[in-house]
Amino acid sequence: MINKTLVTTALESTWPKEGPILFLGSWCCSFSRKSYWSSLDFKISQYHWDDRKKLYHDYKNLEQIYEQYLTEFVSKLNNIHGTDFSERFWRILIGPWLFTCIQVIFDRWYMLNEVSKKDESLKLNILQNYTQSLLVNDMDGFNQAIETDIWNEALYSLIADKFFSTKFIISSTGEYDLSEESIKNVKTKKFSIKKLIKKFSNTISSIFLGDKSVFIIAPHMSIFKLIFLQIKLKQFPAIWYRDDTDFDYNETSPLRENTLFICKPGLIDGFEDVLGQIIFKLIPKIYLEGFKTLVESSKSQGWPKSPVSIFTSNAYASDEVFKFWSAQQIESGSKLVIGQHGGNFGMTPMAIHESHQIKISNKWLSWGWNDKYESKVMPVGNFKSKHTKIRNKSNGDALMALMTLPKYSYYLYSVPIAGQVENYFNDQFKFAEALPNHIRNNLKVRVYPKDREWDQKNRWKSKFHDINFDDNKNSLRDSLKKSRIFIGTYNATTYLETFSANMPSILFWNPEHWEINNQANDFFMSLKRVGVLHFSPEDAAKHLTAIWDNVDEWWFSEKVQSVINDFNNQYSKYNPQVIGKIANNLIME
C-alpha cells in the first residue's frame, strides 16, 4: 500500500509521482492546472478558519501574542543595534511585518498540526534550501513573498522539519531553482525622468519649507487638494517624495539562527514554542543586516528636521525610509496624523491594520465615522472622492466589479480568507446564473487588476462563454458613466465611490465572510431593508431583475436616498470644509 502524500502548495515539483494525495488546502489546486490535479487521487483538508468563530477567537489571541512579542523585539533590536528607541518607534517600523508574520506562521503551523493528528503515516516532500527561500529585504518584499508558492512551501518545510519530523515521513526534494519563481525584493536601478522630477521637487520643498512645518507625504488626495491644504496651513505648498533607492543585502547575520524568544504562557497551546524558535529567521533584512543603511537613507532624503506634525495616508505601512524617519521624529516630539485611505474602516470586528494605524498615530482622520472607545479617531469627511455626481445611462449595462485576495492567508481582517475566495467567485457565478438572459447579456464584469493566479477571466469563460468584460484599464468612473447600475461584490472602497457619486448600486456578499461590527450594523441593515444590500447572490439577482426597466425610480426614491445619505454621512461624508478641518487637526497645540 502506498502512503498518502501531504501536499502543502501548488508547487508541483514537490508533488508525488504516484499515489494518493492530501492537499493541505484548496490553494494547492490552481484553476489553470485543474485538468491535471482533478485526475489525481486526492482529498482536500478542511480549512480551520472556515469556522469564523474560531477565526475571531484566534484573531484576539494573536493580537495579544503580537503585543507580547513586540515588547521582546524592542529589547532585542535595541540591544543588537546599540539603540534606545521606544516601543512606539519599533511598533511604527516593524509592526506591520510582525503582526502579519505571527498570523501567517500560526495559520501554516496549525494546518500542519491538524493533519498530523489525523494521519500519522503521511509522507511529505520538503525543500532542501528552504532557509534561503524565506529571506526578504523589506516589507514590500515580504508582502510579495507571502503570496507566492515558493515562499509558503519554504515556510511549511521549515515548520515541518523542525517540529513535525516524527509526525511525517519527510523526504527532501533537493535544491529549488529560485529563478523558476522569483520573489522580487528589489527593483532594477535605472535612470528615469520621474526620479529626477521627484528629486527636484524634494530639493525645492526643502529650500522653501522650514523645519518647524507640517510634513505631508502620500496623503491619498489630489495634487490640487494637497496644495490647498498647505495654503490653509500657511506654508509653502511642498510636494514630498521618497527617494526610490532600493535595498539589497548579500550578508546574512548569524543572529537569524541564534536568536530565540522565551516561550510565552500558552494562549495557544504549542504555538508559542514554534513562534519563539522561528520568528527571527523571517525578519526582513532591512531591520537586521541593513539597519545601518536604513539609518543613512533616512538622513539623505532632504526632509525637514523636527516637523510640528507628519501627515500620511499610505506611507505608514511599507515605506521603510518613511517609517524610520517618522518614528525618529516622533521620538523628538513630532506628532503623527494618519488619514483614511479606503473602505472597510470602522465597519468590521477584525482589522489588525486599522488598530495598528490608530495605535501609532496621535490622530486618525476618518471619512465620517467615529469610535466612542477611541478618541484618536477624528471624523473629517472623505477627502479622496470628487463627490461629483455620475449620471447613469438608462439603457446601459450592469457593471459588476470583482476583487481578489491572496490564496494564502496574510494579515487578518473581515474578508474571505484563502480558499474562501473560491466561494466568493462562486457567488458571482450564482448571481449571473440567476439573471434572465436579457439582463445577463447586459452584464459587464470588471475583473480585479491584480489576478493573484485566480485566473479570473478563464473562470468566467468556463461558466459563460459569451460573458462581457469591462476594460479595467479605464477608470471605474469612466465605466460607470456608460452603465445603468453598479453591482458591488465586496466591502471596500468601490461602493463608497458610487454612493458618493449617487450612482445606482446593488451590493451583495456573504455576511459570514464579510463580518460587520455592532456600530456599523444598523447602517448596513438599513441598506438591506431598501434593497441596496443583499446577503445572497440569488436575492440580489431577483432585485436587479425587478428594477431593471426603471432603475432610477427605485434608486432615487425618497426611502433609498434617505438611507444612502445617512450611510454617506457616516462612512463617506461630503464636507466642503474638509481641507480646513484636516488643517486644524495638523496644527498641534
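Just above, that's the structure.
For clarity, every value in this text was computed on a predicted model and none was experimentally measured. (Residues numbered from 1 in each chain as written. Predicted model: local features only at pLDDT ≥ 70, side-chain atom pairs only at ≥ 80, totals over all residues. Heavy atoms only, no water.)

### Considering the overall build of the protein chain
When its secondary structure is counted, the protein chain shows 23 helices and 16 strands. Expressed as a percentage of the 589 residues in the protein chain, the buried residues total 58%. When contacts within the protein chain are restricted to residue pairs at least 6 apart in sequence, those whose partners lie at least 24 apart make up 76%. Of the roughly 25,400 Å² that the protein chain leaves accessible, carbon and sulfur atoms contribute 49%. (Helix = DSSP H or I, 4+ residues; strand = E, 2+ residues; numbered from the N terminus. Buried < 20%, exposed > 50% of the residue type's maximum accessible area, 1.4 Å probe, protein only. Contact = heavy atoms within 4.5 Å. Areas by Shrake-Rupley, 256 points an atom, 1.4 Å probe, with all protein chains shown as cover.)

### Quick word on the pattern of salt bridges
Evaluation of the coordinates by the stated rule reveals 22 salt bridges. Residue R52 is joined to E515 by a salt bridge in which the shortest nitrogen-to-oxygen separation is 2.8 Å. You can see R52 sitting in helix α2 (residues 52–81) and its partner E515 sitting in the loop between β15 (505–508) and α19 (518–529), a full 463 residues away along the chain. Taken as a pair, R52 and E515 share a single burial class, namely buried. With a closest N to O distance of 2.9 Å, E67 and R91 form a salt bridge. One end of the pair, E67, is in helix α2; the other, R91, is in helix α3 (residues 87–118), and 24 residues separate them in sequence. Here the residues in one salt-bridge network are E67, E87, R91 and K359, joined through shared partners. (Salt bridge = Lys/Arg side-chain N within 4 Å of Asp/Glu carboxyl O.)

### Concerning empty space enclosed by the protein
Here the idea is plain: a probe the size of a water molecule rolls over the atoms and shows the empty space left. Inspection of every chain in the model, using the stated rule, returns four cavities of 30 Å³ or more. Quantified by volume, the largest cavity comes out at close to 60 Å³. The wall of the largest cavity is formed by L405, P406, Y408, S409, Y410, Y411, L412, Y413, V415, P416, I417 and A418. Grouping the amino acids of the lining of the largest cavity by side-chain chemistry returns eleven nonpolar, one polar and no charged. (1 Å grid on protein atoms, 1.4 Å probe; cavity = no way out; pocket = protein on both sides within 12 Å on 5 of 7 lines; lining within 4 Å. Points joined across faces, edges and corners; volume = space filled by probe spheres on them. Nonpolar A, V, L, I, M, F, W, Y, C, P; charged D, E, K, R; others polar.)

### Quick notes on the environment of T259
Among the secondary structure elements, T259 is positioned in the loop between α9 (255–258) and α10 (271–278). Taking the C-alpha atoms as reference points, T259 and K76, 183 residues apart in sequence, are found 8.8 Å from one another. Those residues in contact with T259 that sit more than four places away from it in its chain are K76 and F280. Among the polar contacts listed, one links the side chain of T259 to the backbone oxygen of L255, at a separation of 2.7 Å. (Polar contact = N/O pair within 3.5 Å; in protein donor to acceptor, adjacent residues only side chain to side chain.)

### Things to note about the environment of Y130
Mapped onto the elements, Y130 comes out in helix α4 (residues 130–133). Put simply, Y130 and L155 are 25 residues apart on the chain and 7.2 Å apart in space, counted from C-alpha to C-alpha. With residues up to four places along the chain from it excluded, the contact list for Y130 reads A154, S157, L158 and D161. Polar contacts involving the side chain of Y130 include one to the side chain of D161, which spans 2.6 Å.

### Brief notes about the sheet that holds strand β13 (residues 468–469)
What the six strands build is an open sheet, ordered β13-β12-β11-β14-β15-β16; its pairing is parallel. Strand pairing shows two members of the sheet lacking a second neighbour, β13 and β16 (533–534), which therefore form its edges. As paired strands, strand β11 (residues 397–401) and strand β14 (residues 483–488) are joined by five bridges and run parallel to one another. In the sheet register, A398 faces β14, and the bridge partner there is I485. (Pairing = 2+ DSSP bridges.)

### Some remarks on the sheet that holds strand β1 (residues 5–7)
Ordered by their spatial adjacency, five strands build an open sheet running β3-β2-β1-β4-β5, and the pairing between neighbours is parallel. Only two strands of the sheet have a single neighbouring strand rather than two, namely β3 (42–44) and β5 (169–172). The sheet shows a mean angle of 30° between the axes of neighbouring strands, taken without regard to direction. By the bridge criterion, four bridges tie strand β4 (residues 123–126) to β5 in an arrangement that is parallel. Pairing of N125 across the sheet is with S171, part of β5. (Axes fitted to C-alpha atoms, helices over the stretch in contact; angles between N-to-C directions.)

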